Amino acid sequence: MTQLLVIAEHDNASLKAATLNTVAAAQKIGGEIHVLVAGSGCASVAAAAAKIAGVAKIKLADAAHYADQTAENVAALVVSQAAGYSHILAAATGPGKNMLPRVAALLDVAQISEITAVESQDTFVRPTYAGNAMATVKSADAVKVITVRTTGFDPAAGEGGSAAIEPIAAAADLGLTKLIGREITKSARPELGAAKVIVSGGRGLGSGEKYHQVLEPLADKFNAALGASRAAVDAGFVPNDYQVGQTGKIVAPQLYFAIGISGAIQHLAGMKDSKVIVAINKDEDAPIFQVADYGLVADLFQAVPELVAELG
Amino acid sequence: MKILVPIKRVVDYNVKVRVKADGTGVDLANVKMSMNPFDEIAIEEAVRLREAGIATEVIAVSCGLAACQETLRTAMAIGADRAILVESDVDLQPLAVAKLIKAVAAKEQPQMVIFGKQAIDDDANQTGQMFAALTGWPQATFASKVVVANGMATVTREIDGGAETLEFKLPVVVTTDLRLNEPRYATLPNIMKAKKKQLDTLKPADLGVDVTPRLTTLKVMDPPKRGAGVKVADVKELVAKLKNEAKVI
Ligand SMILES: Cc1cc2nc3c(=O)[nH]c(=O)nc-3n(C[C@H](O)[C@H](O)[C@H](O)COP(=O)(O)OP(=O)(O)OC[C@H]3O[C@@H](n4cnc5c(N)ncnc54)[C@H](O)[C@@H]3O)c2cc1C
Ligand SMILES: Nc1ncnc2c1ncn2[C@@H]1O[C@H](COP(=O)(O)O)[C@@H](O)[C@H]1O
């Protein structure tokens, strides 16, 4: 029987939701699904992974040199575990994009990046050219190494499973990198990838101060995540991890507000699969209106506070 | 130290590509081609390291059609010292490119290879990581700051929740993110100078690399189209639509 290995995404304490979308993609391919948890002091992550519906086994590698989940060490571990698996999958998020191509190269196979659909065990659909061309690709390799675009697959159920947890030996510590520090943006808001509503702002906001002053009240109404265009990030309004787009985060919430964003193809690539798109822009010819379900031509500094008031 | 910068010739980022009606690919006839934007950032970073006296030579490498010479000339106009074209008309996929760059690195012995994080045509985001795996080098992907001193590189990289800083012994692989720097424009005198710089051409066979594609593209389609939206007159109408029509609030 086909066996598939999914690499869990986590922070040593909790399992990230993206893992559920990756398992869902594995289920579409079909076969027995194992989840690899590599970390340090991450027993709670393994326990959470064991509850995912449809997962048969958890492989747990708990060692100090996986604490920071450096690509070099995790990839070496995955390769040491690869025998017997026909497919190895990870989410197309920061950690997955960083680590999984190493696994593919070490196994001498191609990586199939950011699949959005499964056609068969060796054929997949993936976006190219900022999502303007959907390519169906067939792999000739013995092992398919795949990153999964989370918005392409509804998450597997996080409850209901009871997979066995099998501790496995750590691979050697390659000692190639040393983490000096991490600066995590603090926010009480949901993560961009998990939010049902996203309020995104662009260069039209004018400054970081105004970005927050104008958009926070609207985001509060929906418990929304805040996002941004590249221009807003480059101008220093908000940190880099707010960027939505071809080379930022790919999102597909129920409701996406694009405020003071022109709608360049690189931005659209990251949000055009949202269920409902609202655009507020003072330029009636802004390309964002071509994808917006509801477009309001207005000065955002007037329209957004009015909207907040109207929502009550 | 030498720095190697792999650069890809891609459809210009301003072009909205069209999928061919027969589903075999995108229409590249008469489409403007440019250097992959992330690779411009990579060249700029390498040139700055040379200008700061840290690097001694910057070598741009491109794998692909003869037309990549033009892109390599641009890299030299930005400031690369010389260039290498690995010429092939095969569809070169990331694993093949990583192997070709590894073979070039074996000859040139750079202490740093700076890739772009992603080519904006295939959106693969793999080649730098694959090169790092094949050479056994550490990787500093999605870099927003690179400092080199005393045989060590300290790199800040963009991660999902913010940023992290890592320390590496050289040699190291860097892949560039958008905030690493703002590339300079090539000036006319530098474009003229670039024409005289050295550009060597090799073939994959000279490097002993098998570049046979592993993935076959069966078809290329347009993405699903969104239904046409409407313009609303004012905020009141917007809220009414969101409540009664879209039912999202
Ligand atoms: C390699 C590469 C990768 C990229 N990746 C991304 C990416 O991942 N994500 C991304 O977003 N971009 C990306 N970009 C950048 C992209 O091409 C655009 O430059 C960017 O999205 C523009 O941001 P913006 O819409 O905020 O700014 P602008 O294009 O300047 O638009 C600002 C808008 O605000 C409107 N406006 C101004 N004032 C007001 C007001 N008072 N009221 C209402 N409206 C107002 C204007 O009419 C205008 O439409 C990338 C570019 C490159 C080359
Ligand atoms: N054909 C190529 N020639 C030279 N460099 C390339 C080529 N393809 C990819 N690269 C490099 O690898 C990076 C990532 O590309 P990709 O993995 O295809 O998204 C690019 O930004 C380039 O630095």
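Residues numbered from 1 in each chain as written. Chains lettered and ligands numbered in written order. Predicted model: local features only at pLDDT ≥ 70, side-chain atom pairs only at ≥ 80, totals over all residues. Heavy atoms only, no water.

Caption draft 1: Looking closely at the overall build of chain B. The secondary structure content of chain B amounts to six helices and 13 strands. If one aligns the C-alpha atoms of chain B with their principal axes, the spans along those axes are about 65 × 45 × 40 Å. In chain B, once contacts between residues fewer than 6 apart in sequence are set aside, the share between residues at least 24 apart is 70%. Of the roughly 11000 Å² of accessible surface on chain B, 52% is carried by carbon and sulfur atoms. If the 34 positive side-chain charges of chain B are averaged to one point and the 31 negative ones to another, these points end up 2 Å apart. (Helix = DSSP H or I, 4+ residues; strand = E, 2+ residues; numbered from the N terminus. Contact = heavy atoms within 4.5 Å. Areas by Shrake-Rupley, 256 points an atom, 1.4 Å probe, with all protein chains shown as cover. Lys, Arg positive; Asp, Glu negative; His and termini not counted. Charge placed at Lys NZ, Arg CZ, Asp CG, Glu CD.)

Caption draft 2: Quick peek at the site of ligand 1. Ligand 1 sits among 28 residues. The nearest are Arg203, Ser229, Gln243, Ser262 and Asn281 of chain A. In this structure ligand 1 sits where residues from chains A and B come together. Residue Gln246 of chain A places a main-chain N or O atom 3.3 Å away from an oxygen atom belonging to ligand 1. Contact distances for ligand 1 include 2.8 Å between a nitrogen atom and a side-chain N or O atom of Thr247 of chain A. Protein chains shield 85% of the accessible area of ligand 1, which is 980 Å² for the free molecule. Class assignment for the residues of the shell around ligand 1 results in ten nonpolar, 13 polar and five charged. (Near = heavy atom within 4 Å. Polar contact = N/O pair within 3.5 Å; in protein donor to acceptor, adjacent residues only side chain to side chain. Nonpolar A, V, L, I, M, F, W, Y, C, P; charged D, E, K, R; others polar.)

Caption draft 3: Representation of the environment of Leu77 of chain A. All names here are of chain A. Along the chain, Leu77 turns up in helix H3 (residues 71-80). Residue Leu77 is classed as buried on the basis of its relative accessible area of 0%. The spacing of Leu77 and Ala61 is 16 residues in sequence and 8.5 Å in space, taken between C-alpha atoms. Ignoring any residue separated from it by four or fewer positions in sequence, one finds Leu77 in contact with Leu36, Ala38, Ala61, Tyr66, Ile168, Ala169, Ala170 and Ala171. (Buried < 20%, exposed > 50% of the residue type's maximum accessible area, 1.4 Å probe, protein only.)

Caption draft 4: Structural detail: the interface of chain B and chain A. Tallying the contact residues gives 72 residues for chain B and 83 residues for chain A. Summed over both sides, the interface of chain B with chain A buries roughly 6400 Å², with 56% coming from carbon and sulfur. Per-residue buried area on chain B facing chain A is highest for Asp160, Arg214 and Arg226 of chain B; these three make up 11% of the total on that side. In this structure, the connection of chain B to chain A is made through eight salt bridges. A salt bridge links Glu310 of chain A to Lys236 of chain B, with the shortest nitrogen-to-oxygen separation between them at 3.7 Å. Summed over the shared surface of chain B and chain A, the result is 47 residue pairs in polar contact (both at pLDDT 80 or more). When residues of the side of chain B that touches chain A are traced back to their parent elements, those giving at least two are helix H3 (94-108), helix H4 (127-135), strand S7 (139-149), strand S8 (152-159), strand S9 (162-169), strand S12 (215-221), strand S13 (230-232) and helix H6 (235-244) of chain B. (Buried area = accessible area lost by both parts, 1.4 Å probe. Salt bridge = Lys/Arg side-chain N within 4 Å of Asp/Glu carboxyl O.)

Caption draft 5: Expanded view of the pairing of strand S5 (residues 111-115) of chain A. Residue and element names in this part refer to chain A. The buried fraction of S5 is high, at five of five residues. Pairing of S5 with strand S9 (residues 144-148), which is carried by three bridges, proceeds in the parallel orientation. What sits directly across from Ile115, in S9, is Val148. (Pairing = 2+ DSSP bridges.)

Caption draft 6: Highlighting a nonpolar patch on the surface. A surface patch of nonpolar side chains, amounting to about 280 Å² of accessible area, comprises Leu188, Ile191 and Met192 of chain B. Overall, Met192 of chain B belongs to the partly exposed group, its relative accessible area being 43%. (Patch = residues over 30% accessible without salt bridge, like charges linked within 9 Å, V, L, I, M, F, W, Y side chains within 5 Å.)

Caption draft 7: Layout of the site of ligand 2. Residues and elements named next belong to chain B. Among the 18 residues in the neighbourhood of ligand 2, the closest are listed as Pro6, Asp39, Cys63, Ala119 and Thr127. For ligand 2, an oxygen atom lies 3.5 Å from a polar atom in the backbone of Ala124. For ligand 2, an oxygen atom lies 2.9 Å from a polar atom in the backbone of Gln126. The protein chains hide 98% of the 480 Å² of surface that ligand 2 would expose on its own. Listed by contribution, the elements that provide at least two residues to the shell around ligand 2 are strand S4 (57-64) and strand S6 (112-116). The element best represented in the shell around ligand 2 is S4, accounting for three residues. Considering only residue class, the shell around ligand 2 consists of eight nonpolar, seven polar and three charged.

Caption draft 8: Layout of the confidence of the model for chain B. For chain B, the mean per-residue pLDDT works out to 97, and 100% of the residues sit at or above 70. Quick note on the complex model: pTM equals 0.98, ipTM equals 0.97. (pLDDT = per-residue confidence, 0-100.)

Caption draft 9: Representation of the sheet that holds S9 of chain B in the model. Reading across the sheet, the ten strands line up as S11(A)-S9(B)-S8(B)-S7(B)-S10(B)-S6(B)-S1(B)-S4(B)-S5(B)-S11(B) and stay open at both edges, with mixed pairing between neighbours. Of all the strands in the sheet, just strand S11 (177-184) of chain A together with strand S11 (199-202) of chain B have a single pairing partner and so form its edges. The mean angle between the axes of side-by-side strands here comes to 25 degrees, regardless of whether they run parallel or antiparallel. Pairing of strand S1 (residues 2-6) of chain B with S6 of chain B involves two bridges; the strand directions are parallel. Opposite Ile3 of chain B, over in S6 of chain B, you have Met112 of chain B as the bridge partner. (Axes fitted to C-alpha atoms, helices over the stretch in contact; angles between N-to-C directions.)

Caption draft 10: Just the side chain of Ser229 of chain A, in detail. If you trace the backbone, Ser229 of chain A turns up in the loop between strand S13 (225-228) and helix H6 (230-234). Apart from residues lying up to four places away in sequence, Ser229 of chain A is in contact with Gly201, Gly202, Arg203, Gln243, Ile261 and His267 of chain A.

Caption draft 11: The packing of aromatic side chains, seen in detail. Inspection of every chain in the model, using the stated rule, returns four aromatic pairs over all chains. Each ring, one from Phe222 of chain A and one from Phe257 of chain A, has its centre 5.6 Å from the other, and the planes form 40 degrees; the classification is tilted. Here Phe257 of chain A lies in strand S14 (residues 255-259) and Phe222 of chain A lies in helix H5 (residues 208-222), a separation of 35 residues in the sequence. Residue Phe222 of chain A shares its accessibility class with Phe257 of chain A, and that shared class is buried. Seen from their ring centres, Phe131 of chain B and Trp137 of chain B are 5.3 Å apart, and the 85 degrees between their planes marks the pair as edge-to-face. (Phe/Tyr/Trp six-rings, centres within 6.5 Å; stacked < 30°, edge-to-face > 60°.)

Caption draft 12: Broad picture of the sheet that holds strand S3 (residues 57-62) of chain A. Residues and elements named next belong to chain A. The seven strands lie next to each other as S5-S9-S4-S1-S2-S3-S10, forming an open sheet whose pairing is parallel. Looking at the sheet topology across the chains shown, the edges are occupied by S5 and strand S10 (164-167). This sheet shows a mean twist of 25 degrees between the axes of neighbouring strands, independent of strand direction.

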